[in-house]
Amino acid sequence: MSTPAIELREATKRFRGSSGIMTAVQDLTISIRPGEFVAVVGPTGCGKSTTLSLVAGLEPASSGEVIVHGEPVRGIPAGIGYMFQQDAILPWRSVLDNVATGPRYRGSSKKDARQAAAAWVDRVGLAGFEGFYPHQLSGGMRKRVALAQTLVNDPRILLMDEPFSALDVQTRGLMQDELLRLWQGSGAAVIFVTHDLEEAIALADRVVVLTAVPATMKAEFAIDLPRPRDVEAIRLTTAFLEIYREVWQSLRDEVARARRGATLSGN
Ligand SMILES: Nc1ncnc2c1ncn2[C@@H]1O[C@H](COP(=O)(O)OP(=O)(O)OP(=O)(O)O)[C@@H](O)[C@H]1O
């Protein structure tokens, strides 16, 4: 068996806040294979982003282990790409230069960086827009730039935190298809955090349901839908609806629990 791309072993994360210590993630154990696409769902504020921060080395675990490619995480591991809800594209740089930033930072010559960037700009469907600036782009086009910016670094692991949630439904569907097309065959392991259960099922090989805070594993579901997938079409299939019903049953209780918690704490 190959080394997992990502492993959390009873990982726990506590934060010190104004009202004492709170546990965001508790004894979370999960293992993700290279090339596997895992979607993580859970109620609002349950600790999904914190889980990504542990894997990304942005936050150290309070206890337990976080292992990436067989090595305990200390600082940001090599070969990780991120995409967040808010993209990190620089307003003063053109599309091409935004995408070339990563390779430049990693030591490529200007010429090589721009060449790699041009190939990715083309691959995400933005050929002809290389010289445009972010304010001249639509929300969907900005997401395409952010995707190119992430993928140009050839990440072995992709951490995605609600990357498409700010987009309108139609554009979101297009971006989901685009992501699958670009990820397919890349060998990258993906953790995709979302509030949208349909999105999770349409994209992933496995859906992990987290409990209300503190996040721990509630259940996991293998998504045996065929690939390549057309996310719009797959949502209408009977197999999809059956999986949806099953996963929603598990998630629903946690959403209700989180709501009760929020009401009790006055949030
Ligand atoms: N740096 C921090 N310091 C203190 N508390 C934090 C910190 N980061 C997160 N938390 C707390 O940990 C809990 C989990 O937060 P987290 O952002 O991981 O949840 P989430 O599931 O990603 O939320 P959402 O669904 O709203 O995006 C929250 O109660 C949050 O306030």
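Residues numbered from 1 in each chain as written. Predicted model: local features only at pLDDT ≥ 70, side-chain atom pairs only at ≥ 80, totals over all residues. Heavy atoms only, no water.

Looking at an unreviewed UniProt entry, the protein chain carries the name ABC transporter ATP-binding protein, with the source organism given as Dactylosporangium vinaceum.

Undergrad: Just to check I follow, could you spell out the sheet that holds strand S1 (residues 6-17) for this structure?
TA: Strand pairing within a sheet occurs via backbone hydrogen bonds; the two strands may be parallel or antiparallel. Read across the sheet, four strands follow the order S2-S1-S4-S5 without closing on themselves; strand pairing throughout is antiparallel. Since the sheet does not close on itself, it has two edges, and those belong to strand S2 (20-32) and strand S5 (71-72), each with one partner. In the sheet, S1 pairs with strand S4 (residues 63-68) via five bridges, with the strands oriented antiparallel. Of the residues in S4, the one forming a bridge with Arg9 is Glu65. Contacts from helix H1 (residues 48-56) reach S1, S2 and S4 within the one sheet, and its direction differs from that of S1 by about 115°. (Pairing = 2+ DSSP bridges. Helix = DSSP H or I, 4+ residues; strand = E, 2+ residues; numbered from the N terminus. Contact = heavy atoms within 4.5 Å. Axes fitted to C-alpha atoms, helices over the stretch in contact; angles between N-to-C directions.)

Undergrad: Explain helix H2 (residues 95-105) to me, please; I cannot follow it from the model alone.
TA: Working note: α-helix, 3.6 residues per turn, so residues spaced by three or four point in the same direction. When H2 is considered as a whole, its buried residues turn out to be Val95, Leu96, Asn98, Val99, Ala100, Gly102 and Pro103. Structurally, H2 contributes buried residues whose contacts are with helix H3 (110-123) and helix H4 (139-151). In the stretch just after H2, Gly107 is the one whose phi turns positive, near 105°. (Buried < 20%, exposed > 50% of the residue type's maximum accessible area, 1.4 Å probe, protein only.)

Undergrad: So what exactly am I meant to see when it comes to the UniProt feature "domain: ABC transporter" (unreviewed entry) in the protein chain here?
TA: In this numbering, the UniProt entry assigns the feature "domain: ABC transporter" (unreviewed entry) to residues 6-237. Across residues 6-237, the secondary structure splits into 31% helix and 28% strand, with the terminal C-alpha atoms separated by 31 Å. (UniProt positions renumbered as here; feature names shortened; annotations may be inferred.)

Undergrad: What exactly am I supposed to notice about the pattern of salt bridges here?
TA: Opposite charge on two side chains makes pairing possible when the charged atoms of those side chains draw close. Considering all chains together, one arrives at 17 salt bridges under this definition. Measuring nitrogen to oxygen at the nearest pair gives 2.9 Å for the salt bridge that ties Asp97 to Arg114. A residue pair is termed long-range when its members are at least 10 positions apart, and Asp97 in helix H2 and Arg114 in helix H3 qualify at 17 residues. When its relative accessible area of 34% is taken as the criterion, Arg114 is described as partly exposed. With a closest N to O distance of 2.8 Å, Asp205 and Arg227 form a salt bridge. In this pair, Asp205 sits in the loop between helix H6 (197-203) and strand S9 (206-210) while Arg227 sits in the loop between strand S10 (217-222) and helix H7 (231-234), placing the two residues 22 residues apart along the sequence. Bridged by salt links that share partners, the residues Arg33, Glu36, Arg206 and Glu220 form one connected network. (Salt bridge = Lys/Arg side-chain N within 4 Å of Asp/Glu carboxyl O.)

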